[in-house]
Amino acid sequence: GRQIALLRYDDQGDPEVARELAAEIAADARPLLVLGHRTSAPSIAAGAVYREAAGIPAISGSATADALTDNPWYFRTIFANSFQGTLLATYVRDILGHDTASVVTTTRPYEQSLSSAFTTAFSEAGTVRETLELDRDNREASTRSIVDALAADPDPGIVVICLQQEDARVLLPALRRAGLSPPLIGGDALGEEGFAELFASEPEEQDQPGFFTEGMYAAAPMIYDAIG
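Caption draft 1: Geometry of the packing of helix α1 (residues 15-26) against helix α2 (residues 40-54). Where α1 contacts α2, the two axes come as close as 8 Å, and the packing angle between them is 30°. In terms of orientation, α1 and α2 fall into the roughly parallel class. Helix-helix and strand crossings are classified by hand; for α1 and α2 the assignment is right-handed. Across the interface between the two elements, Pro15, Ala18, Arg19, Ala22, Ala23, Ile25 and Ala26 from α1 touch Ala41, Pro42, Ala45, Ala46, Val49, Tyr50, Ala53 and Ala54 from α2. Tallied by class, residues from the contact of α1 with α2 come to 14 nonpolar, no polar and one charged.

So, in structure tokens, the structure goes:
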């Protein structure tokens, strides 16, 4: 017979904002639990507050970094990156038939745990040519360096994009505009229709819908040609 109210907060995908909001939630006597956060870095940042300040349980339906649930107060309803990275490695090798790959990542928890899991699993029977790190504090120059490195490699293999949408949104146009069209696969952060829609205002996309994402694979909670 109790009435439940849903309080909404927006962490803007920023760990610092997430930490501030978590402190606000922890200081409020009303919340019973937290549903969220959406991505891994803000979830981990906020989780430390929920654990230390209040003992508030939290559950995410989308944050996949393995370190999230090292916190006994944090739970998730989706796969972890240790599983996702292994799945991507198996899919790239056994379904798509590639034995060479290059990985693009950053230093954040989601990207690092996904790229590390992929590299470990793929290296058992394939070759990771190089791991290219995108510097989010110097995104455009860093992206140019990644594109130059891929252009200079005669056989970079499939490019595994272990990035969040805002970084991949910069990388893909840079690749295509440099005349590069390697096979591409991304993690679950890119596995939704909304990611492709981010390019809608680009002139190439208006002339040829799908210009930047055509042929790109991405993980999702269900992959139809990989289930039993």
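Caption draft 2: Representation of the sheet that holds strand β1 (residues 34-35) within the structure. Sheet architecture is open: three strands sit in the order β1-β2-β3, paired in parallel fashion. A single partner strand is all that each edge strand has here, and the edge strands are β1 and β3 (74-76). Where strand β2 (residues 58-60) lies against β3, three bridges are found, and the strand directions are parallel. Along β3, the bridge assignment pairs Ala58 with Tyr74.

Caption draft 3: Looking closely at the side chain of Arg76. Here Arg76 lies in strand β3. Lacking a salt bridge, the buried Arg76 has Asp66 as its closest oppositely charged neighbour, with an N-O distance of 5.2 Å. For Arg76, the side chain forms a polar contact with the main-chain oxygen of Ala63, separated by 2.9 Å. Within the structure, Arg76 has its side chain in polar contact with the side chain of Thr69 (distance 3.1 Å). Beyond its immediate stretch of four places on either side in the chain, Arg76 contacts Ile59, Ser60, Ala63, Thr64, Ala65, Asp66, Leu68 and Thr69.

About the criteria used
- Every residue gets a number counted from 1 within its own chain, in the order that chain's sequence is written.
- Reporting of local features is limited, given that this is a predicted model, to residues whose pLDDT is at least 70; pairs of side-chain atoms are given and counted only at 80 or more, and all residues count toward the totals for whole chains, interfaces and linings.
- Note: side-chain values were computed over all heavy atoms of the structure, leaving out hydrogens and water.
- Angles here are taken between N-to-C directions and fall from 0 to 180 degrees, while the axes themselves are lines fitted to C-alpha atoms, restricted in helices to the stretch in contact.
- A run of H or I in DSSP becomes a helix once it reaches four residues, and a run of E becomes a strand once it reaches two; helices and strands are each numbered from the N terminus.
- Relative orientations are named as follows: roughly parallel for angles under 35 degrees, roughly antiparallel for angles over 145 degrees, roughly perpendicular for angles from 65 to 115 degrees, and oblique for any other angle.
- If you view the pair so one helix is near and one far, a crossing is left-handed when the near helix is turned anticlockwise from the far one by less than a right angle, and right-handed when it is turned clockwise.
- The contact criterion used throughout is that any non-hydrogen atoms of two residues lie within 4.5 Å.
- Classification used: nonpolar for Ala, Val, Leu, Ile, Met, Phe, Trp, Tyr, Cys and Pro, charged for Asp, Glu, Lys and Arg, polar for all others including Gly.
- In this analysis, strands are considered paired if DSSP registers two or more bridges between them.
- The classification of residues rests on relative accessible area computed with a 1.4 Å probe and restricted to protein chains. Under 20% of the type maximum is buried, over 50% is exposed, and intermediate values are partly exposed.
- The sign given to each residue is positive for Lys and Arg and negative for Asp and Glu; His and the chain ends receive no count.
- Put simply, a salt bridge is a Lys or Arg side-chain nitrogen that is within 4 Å of an Asp or Glu carboxyl oxygen.
- Each polar contact in these results corresponds to two N or O atoms within 3.5 Å; when the atoms are within protein, one needs to be able to donate a hydrogen and the other to accept it, and residues that are neighboring in sequence are counted only if both atoms are side-chain atoms.

Don't take any of this as a statement about function, it's just geometry.
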